[in-house]
Structure formats: structure tokens, C-alpha cells
Amino acid sequence: MSIHENLLGGPPPTHLPDDPEPRELLAADTAPADVAAKYPTSSLAWAQLADEAFEGGRVVESYAYARTGYHRGLDALRRAGWKGHGPVPFEHEPNRGFLRALHALARAAQAIGEQEEYERCSTFLRDSSPTAAETLG
């Protein structure tokens, strides 16, 4: 038996491929809008835009950025073999952009009173990565 075998019988964790350029640009304080324009498939760039908009009180803008990052992340997960459920570990750094966008979408949905979307996204985040749900709040 492999030490990495899933004993619970569920789908294996999905690990997105690494895309270091957007992460490196953001770490070097490149404007997230510039990173998203150069790398529009980067959930991390959209999540950063969502966070900045939310912190600036621009909740609807945050919602739109988060939804974009969320959908870009779903596309990437499907390309990586994800079948609509199963773990998306926060511990795998390339997964963090998607998980941050999902968290940002839940947060913005709650702020605008879209309770069902907030609950759906919050549950999806917890089911995908309990660590992300705890870490991101």
C-alpha cells in the first residue's frame, strides 16, 4: 500500500500546475491589475484584485473580481482532472489563487446580502480545503 493512497475512497487531491510568473510579479509589488492583464487566467491576480477592492469598500467590484478568479480557477481545476468535487489542498501553493478567489467570492456575496451564494461558496471552500477555510477566515 502506498503511503499516499486515499483510504477514504474519495477522489484524489487536485494539484494545479505551477504558474510562478504571476505570483512573482505580485510578490514584487506589481499592480494586480497589470498582472491580471498580462496573465488573465491567474486566479491569484484576480483574488488579489478582489481583496484590494473589498478592503477599499468597493464590494461589488470585489465580487466581480472574485467571480472572475473563481471561474478561471474552475477552468484550471477541470484541466487538471478535477471532476467537480474532492480536495484542493491549500498546502499546494498553486491552488491558493483559486481558494482565495472562492473565499473572496463568499465574503463579497455575504456583504451584498446574497446569502445562498455565500453559503454555497463557504461550503465549497470548507469541502475543498479545511486549511484554506481556517486560514482565510
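Provided above is the structure to which this section pertains.
The shown structure was predicted, so the numbers you read here are calculated from the model rather than taken from an experiment.

Procedures and definitions
- Residues numbered from 1 in each chain as written.
- Predicted model: local features only at pLDDT ≥ 70, side-chain atom pairs only at ≥ 80, totals over all residues.
- Heavy atoms only, no water.
- Helix = DSSP H or I, 4+ residues; strand = E, 2+ residues; numbered from the N terminus.
- Buried < 20%, exposed > 50% of the residue type's maximum accessible area, 1.4 Å probe, protein only.
- Contact = heavy atoms within 4.5 Å.
- Lys, Arg positive; Asp, Glu negative; His and termini not counted.
- Charge placed at Lys NZ, Arg CZ, Asp CG, Glu CD.
- Expected span 1.5 Å × (residues − 1).
- Axes fitted to C-alpha atoms, helices over the stretch in contact; angles between N-to-C directions.
- Parallel < 35°, antiparallel > 145°, perpendicular 65-115°, else oblique.
- Left-handed = near helix turned anticlockwise from the far one by under 90°.
- Nonpolar A, V, L, I, M, F, W, Y, C, P; charged D, E, K, R; others polar.
- Core = buried A, V, L, I, M, F, W, Y, C linked by side-chain atoms within 4.5 Å.
- Arc of directions from axis to C-beta.

**Things to note about the overall build of the protein**
A tally of helices and strands in the protein yields 7 helices and 0 strands. Taken from N to C terminus, the helices and strands of the protein fall in the order α-α-α-α-α-α-α. Here the C-alpha coordinates of the protein stretch approximately 50 × 35 × 25 Å along the principal axes. Across the 137 residues that make up the protein, the buried fraction comes to 40%. Considering only intrachain contacts with a sequence separation of at least 6, the fraction spanning at least 24 residues in the protein is 61%. The protein carries 13 positive and 20 negative side-chain charges, and their two centres are separated by 4 Å.

**A closer look at helix α5 (residues 96-111)**
The end-to-end C-alpha separation of α5 is 22 Å, in line with the 22 Å expected for 16 residues at 1.5 Å each. Counting buried residues along α5, 13 of its 16 residues qualify, which places the element largely inside the surrounding structure.

**Thoughts on the packing of helix α3 (residues 43-55) against helix α4 (residues 59-79)**
Angle between the axes and distance between the axes are the two parameters that describe a pair of packed helices. Between α3 and α4, whose axes approach to 8 Å, the crossing angle comes to 165°. Taken together, the axis directions place α3 and α4 in an arrangement best described as roughly antiparallel. Relative to α4, α3 is oriented so that their crossing is left-handed. Residues Ser43, Trp46, Leu49, Ala50, Ala53 and Phe54 of α3 form the contact with α4, whose own contacting residues are Val59, Glu61, Ser62, Tyr65, Ala66, Thr68, Gly69, Arg72 and Gly73. Residue composition of the contact of α3 with α4, grouped by class: 8 nonpolar, 5 polar and 2 charged.

**Digging into the nonpolar core**
Among soluble globular proteins, nonpolar side chains are generally buried collectively. Counting 24 residues, the largest nonpolar core has Tyr70, Leu74, Leu77, Phe98, Leu99, Leu102 and Phe124 as its most contacted members. Among the elements of the structure, α4, α5, α6 (115-128) and α7 (130-136) are those that each provide at least two residues to this core. A total of 8 residues in this core trace back to one element, the largest contributor, which is α5. Setting aside its immediate chain neighbours within four residues, leucine 99 contacts Val88, Pro89, Phe90, Leu125, Ser128, Ser129, Ala132 and Leu136. Membership of the second largest hydrophobic core comes to 8 residues, among which are Val35, Tyr39, Ala45 and Trp46.

**Focus: α6**
Along its 14 residues, α6 runs 20 Å from first to last C-alpha, staying within 8% of the 20 Å computed at 1.5 Å per residue. Here α6 has its buried residues at Glu117, Cys121, Ser122, Phe124, Leu125 and Ser128. Projected down its long axis, α6 carries its buried residues within an arc of 160°, all on one side. Opposite the buried face of α6, by more than 90 degrees, sit the exposed residues Glu116 and Asp127.

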